[in-house]
Structure formats: structure tokens, C-alpha cells
Amino acid sequence: MNSIRGKWALITGATSGFGKATADLLAQNGCNVIITGRRAERLEAQTNILKEKYGVHVLPYCFDVRELGRSVEMANDLVSREIVPDILINNAGLASGKDKIYEGLISDWEKMIDTNIKGLLYTTRSILPMMVTRNEGHVINIGSAAGHTVYPEGNVYNASKFAVKALNEAINLDLAGTNIRCCSVDPGAAETEFSNVRFHGDDEKAAKVYEGYKPLEAEDIADIIYFIVTRPAHVNISNLLVYPTAQRSVYVWGKKNS
Ligand code: NDP
Ligand code: 8X3
């Protein structure tokens, strides 16, 4: 087991869901965390909680991952503090809308492409060079089961997560010969704020997504990430696809009442 005590993990989108739960679990295990998100109040509250609960260092950066300049600023600030992240978790992302492609909102498409693909690229381009210089590090990309199989009305979200799958493979290939590891964690249905965001704040519609079965929880994904980053240095899990037991593919479910 590879201890993360005293190391630094950078987690994008740590104000909610997977990112928040992962920051908590890593901090609980003695890892210092750099947390990001757009909601300043949540970020500040999370910073105080993690510091108080676990006595680790916490650095919050409040910004939108779609703005390249803000990722670069964060990276420069880390350099000035002589901090090189040992772990980068590209988690910030979203689905926006669920419509037939001929009815989808262009603004939804742009949000997903700019956040899930370009945002991930911006953070990676800003942070990975530091890891390469040190020849040490671990990148975790949060993809999705939706990046393995397309489902009706998933169109652009699916495409953005297929891109994450491709980029995860590409990052691995380009890191050959270094000690840096790279893994995508690809969950099926998990109950977070994901569906509330997807349905533009329609909480009733969001709740229906999780009816009749037990979905994954944010803590399940945090556990998996913790497992991956604590493997010995010669073990590179490159992809991990995880569903709730009631879901065997994006199409095949064992829901009650269905
Ligand atoms: P949540 O909505 O609970 O969390 C999303 C996080 O991403 C929030 O912290 C949010 O912070 C951040 N975020 C979103 N857009 C931006 C942005 N433009 N700039 C900065 N931060 C942003 O959802 P999940 O935890 O479920 O989602 C996390 C990742 O997991 C996403 O990439 C999602 O696609 C993926 N995923 C989710 C699944 C699910 O069923 N829940 C399954 C498979 C994958 P803030 O709003 O403060 O900026
Ligand atoms: C989120 C899971 O199946 O709603 O990526 O697309 S799904």
C-alpha cells in the first residue's frame, strides 16, 4: 500500500458529490487537499471542515474550469508555494439537459463540451508538466459508463465522456516511460447533485432517476479512488467501470416497480 499521508491531492469540483466525498476521504487519511469549484461559500465551508476535522492543509481555488487563465493562475500559485500535486483528480463536470439531438439546446452542449472536455484538458495541461518534471504523480479522470455506451437522449453528454475515455488513454500513452500513473473511473448511476443539474433544477425529475433501486453513493466513488491511489507505485489501474448492482449496463436495470 502506498500511503498518501502528507501528500497533496488536487480535486476539481469538490463542492459536491464525488469531489467533495473524495476530498473528505483523502484528507481523513492525512492527505493535504487542493479543492476547487465555483461556489465560494461551499468551498470556504469545506476548507474549514477539512482543516478542523483532519488537521491537514487545505487550499481552495474558486474558479470555473472553463476558464483556461484561472487554471494557469492556480498552477502558478502552486509553483510559488513550492507545491506539486501528487494526485490530480479531474472530476468537475456535468450533464446539462437530456433531449433528442434535434431538440437539444446549443447552450447545454457548449456547457458540457467546455466543462467535461476542455476544462479537463486545461487543468491537465496546467498541472501535468509539474508531475512530469518530478517524474511522479497520479492522474484520475472521472469519466462515466456514459463514455462506454451511448443511450437515447444522452448524445452530447455521451460524446463528452467518450472524449474523457479517449483522453485518459491518450494521457497514459504519452506518459509511457515516466512513473506517472493515470486512471479513469467510470461510474454508472450515482445519486449526487448530477441529475438536479442535468434537469436544470427540476428536483422532482432528478429524484425519479434514483427510484426503485439503490444507486451508487458519492462515498462509493471516493472509496474506489482511495483504493486506486494507494496501490504500490508499479500498479497502474488504467480504467475502472463501476455500476450499482441494480444496473448492469446503461440499458439493463433491475429496478423495483419497472
Ligand atoms: P455534482 O453535481 O454533485 O458535482 C459536480 C461538481 O463539479 C461540483 O463540485 C461542481 O462545483 C463542479 N463543477 C461543475 N461544473 C464546473 C465548472 N464549470 N467549473 C468548476 N467546477 C464545476 O455531480 P457528481 O459528483 O455526480 O459529478 C462529478 C463528475 O462525475 C462529473 O464529471 C460527472 O459527469 C461524473 N459522473 C457522474 C455520475 C452520476 O451518476 N452522478 C456518473 C458518472 C460520472 P460548482 O458547481 O461549485 O462549480
Ligand atoms: C452519469 C451516469 O448513466 O446518467 O454519467 O449517464 S448516466
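Keep in mind it's a predicted model, so treat the numbers as computed, not measured.

### Some points on the side chain of Thr 15
At step 1: Note on placement: Thr 15 falls in the loop between strand 1 (8–11) and helix 1 (17–28).
At step 2: Using a relative accessible area of 7% as the deciding quantity, one classes Thr 15 as buried.
At step 3: Polar contacts involving the side chain of Thr 15 include one to the side chain of Arg 39, which spans 3.5 Å.
At step 4: Every residue in contact with Thr 15, bar those within four places of it in the chain, is listed here: Lys 20, Thr 36, Gly 37, Arg 39, Arg 42 and Leu 43.

### Focus: the site of ligand 1
At step 1: In the vicinity of ligand 1 there are 29 residues, among which Thr 15, Ser 16, Arg 38, Tyr 157 and Thr 192 approach most closely.
At step 2: Between Thr 15 and ligand 1, the recorded distance is 2.7 Å, taken from a side-chain N or O atom to an oxygen atom.
At step 3: At 3.1 Å from an oxygen atom of ligand 1 is found a main-chain nitrogen or oxygen belonging to Glu 193.
At step 4: Alone, ligand 1 offers 880 Å² of accessible surface; in the complex the protein occludes 96% of this.

### A word on the site of ligand 2
At step 1: Lining the immediate environment of ligand 2, one finds Ser 144, Ala 146, Tyr 151, Tyr 157, Phe 194 and Arg 198.
At step 2: In the model, an oxygen atom of ligand 2 is placed 2.5 Å from a nitrogen or oxygen of the Ser 144 side chain.
At step 3: Contact distances for ligand 2 include 2.5 Å between an oxygen atom and a side-chain N or O atom of Tyr 151.
At step 4: In the complex, the protein chains occlude 83% of the 250 Å² of accessible area that ligand 2 would expose alone.
At step 5: Its residues assigned to classes, the shell around ligand 2 shows four nonpolar, one polar and one charged.

### Thoughts on the pattern of salt bridges
At step 1: Under the defined criterion, the tally for this structure stands at 11 salt bridges.
At step 2: Across the salt bridge formed by Arg 70 and Glu 73, the nearest N and O atoms sit 3.5 Å from each other. One end of the pair, Arg 70, and the other, Glu 73, are both in helix 3 (residues 68–80), three residues apart, so they sit about a helical turn from each other.
At step 3: Where Arg 134 meets Asp 86, a salt bridge forms, and the shortest distance between an N and an O atom there is 2.7 Å. Of the two residues, Arg 134 is situated in helix 4 (residues 106–134) and Asp 86 in the loop between helix 3 and strand 4 (87–90); the sequence distance between them amounts to 48 residues.
At step 4: A relative accessible area of 12% means that Asp 86 is categorised as buried.
At step 5: Within this structure, Arg 39, Arg 42 and Glu 193 form a network of salt bridges that share partners.

### Re the sheet that holds strand 1
At step 1: Reading across from one edge, 3-2-1-4-5-6-9 is the order of the seven strands in this open sheet, with parallel pairing throughout. Edge positions in the sheet fall to strand 3 (58–62) and strand 9 (239–242), since each has one partner strand and no second. Strand-to-strand twist across the sheet, computed as the mean angle between neighbouring axes with direction ignored, equals 15°.
At step 2: Judged from the five bridges that link them, strand 5 (residues 138–142) and strand 6 (residues 181–187) form a sheet pairing that is parallel. Paired with Val 139 across the strands is Cys 182, a residue of strand 6.
At step 3: Of the strands in this sheet, strand 4, strand 5, strand 6 and strand 9 touch helix 8 (residues 218–229), which is tilted by about 160° from strand 6.

Rules behind the numbers
Throughout this description, residue numbers start from 1 for each chain and increase along the sequence as written. Following the order in which they are written, the chains are lettered starting with A and the ligands numbered starting with 1. Thresholds applied to this predicted model are a pLDDT of at least 70 for local features of residues and 80 or more for the giving and counting of side-chain atom pairs; totals over whole chains, interfaces and linings are not thresholded and use all residues. Side-chain figures throughout are based on the complete set of non-hydrogen atoms in the structure, without hydrogens or water. Under the DSSP-based scheme used, a helix requires at least four consecutive residues in state H or I and a strand at least two consecutive residues in state E, with every element numbered from the N terminus. Buried, partly exposed and exposed residues are distinguished by accessible area as a fraction of the type maximum, computed with a 1.4 Å probe on protein chains only: under 20%, between the cut-offs, and over 50%, respectively. Counting of polar contacts relies on pairs of N or O atoms within 3.5 Å, with two restrictions inside protein: one atom must be capable of donating a hydrogen and the other of accepting it, and residues adjacent in sequence are counted only when both atoms are side-chain atoms. In what follows, a contact means two residues having at least one pair of non-hydrogen atoms within 4.5 Å. Near residues are defined by distance, with any heavy atom within 4 Å of the molecule or strand qualifying the residue. Note on areas: Shrake-Rupley with a 1.4 Å probe; residue coverage comes only from the protein chains shown. Only Asp, Glu, Lys and Arg are considered charged, only Ala, Val, Leu, Ile, Met, Phe, Trp, Tyr, Cys and Pro nonpolar, and every remaining residue, Gly among them, polar. Each salt bridge in this description consists of a side-chain nitrogen of Lys or Arg and a carboxyl oxygen of Asp or Glu lying within 4 Å of one another. Pairing between strands is defined by DSSP: at least two bridges between the two strands are required. Geometry is summarised by axes, namely lines fitted to C-alpha atoms with helices restricted to the contacting stretch, and by angles between N-to-C directions that run from 0 to 180 degrees.

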